[in-house]
Amino acid sequence: YENVCLADPSWVELVLIGGDVTYGRADWYERLAAEPAGGESLIAWGKPMRLDCTFAAPPVPGPPVPDQPLPTLADVRSALTAAYPPVGPIHA
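Everything numeric in this text was worked out from a predicted model, so none of it was measured.

Right, let's get into the layout of surface pockets. Reported here for the largest pocket is a volume of approximately 220 Å³. What lines the largest pocket is a set of twelve residues, and nearest its centre among them are Val 21, Ala 34, Glu 35, Asp 52 and Thr 54. Examining the composition of the lining of the largest pocket, we find that three residues originate from one element, strand 2 (residues 20-25), more than from any other. A per-class count over the lining of the largest pocket returns five nonpolar, four polar and three charged.

Listed below in structure tokens is the structure:
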């Protein structure tokens, strides 16, 4: 836990959620992702990376949620800067 808290964001080269690759080095993403064609290419901390913004948690009990378009990095960035204006630019 301490290593994660003290890590520099540029050190992150792979993120998995529930065993699914959601962010990683572009060369690793293509080999490891279940759907390697998914995700968006971007440069983060000077490195070519891929990000999958479409990850969703398993559905919770209750009424069904209507299908919505899958978010893009631009959508996520806009939502975050709108909700947290003091954060400033997001460099990923």
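The subject of this paragraph is the pattern of salt bridges. Scanning the entire structure with this criterion turns up five salt bridges. Arg 25 is the salt-bridge partner of Asp 27, the closest N and O atoms lying 2.8 Å from each other. Residue Asp 27 is joined to Arg 31 by a salt bridge in which the shortest nitrogen-to-oxygen separation is 3.9 Å. Taken together, the positions of Asp 27 and Arg 31, both in helix 2 (residues 26-32) and four residues apart, correspond to about one turn of that helix. In this structure Asp 27 comes out as partly exposed when scored by relative accessible area, which is 36%. The exposure class of Arg 31 is exposed, given its relative accessible area of 63%.

Overall, antiparallel pairing links the four strands, which are arranged 1-2-4-3 in an open sheet. Bordering the open sheet on either side are strand 1 (14-17) and strand 3 (40-44), each of which pairs with just one other strand. Within the sheet, the average angular offset between the axes of one strand and its neighbour, ignoring direction, is 20°. In the sheet, strand 1 pairs with strand 2 via four bridges, with the strands oriented antiparallel. Across the sheet, residue Leu 14 finds its bridge partner in strand 2, namely Gly 24.

Conventions and cut-offs
Residues numbered from 1 in each chain as written. Predicted model: local features only at pLDDT ≥ 70, side-chain atom pairs only at ≥ 80, totals over all residues. Heavy atoms only, no water. 1 Å grid on protein atoms, 1.4 Å probe; cavity = no way out; pocket = protein on both sides within 12 Å on 5 of 7 lines; lining within 4 Å. Points joined across faces, edges and corners; volume = space filled by probe spheres on them. Helix = DSSP H or I, 4+ residues; strand = E, 2+ residues; numbered from the N terminus. Nonpolar A, V, L, I, M, F, W, Y, C, P; charged D, E, K, R; others polar. Salt bridge = Lys/Arg side-chain N within 4 Å of Asp/Glu carboxyl O. Buried < 20%, exposed > 50% of the residue type's maximum accessible area, 1.4 Å probe, protein only. Pairing = 2+ DSSP bridges. Axes fitted to C-alpha atoms, helices over the stretch in contact; angles between N-to-C directions.

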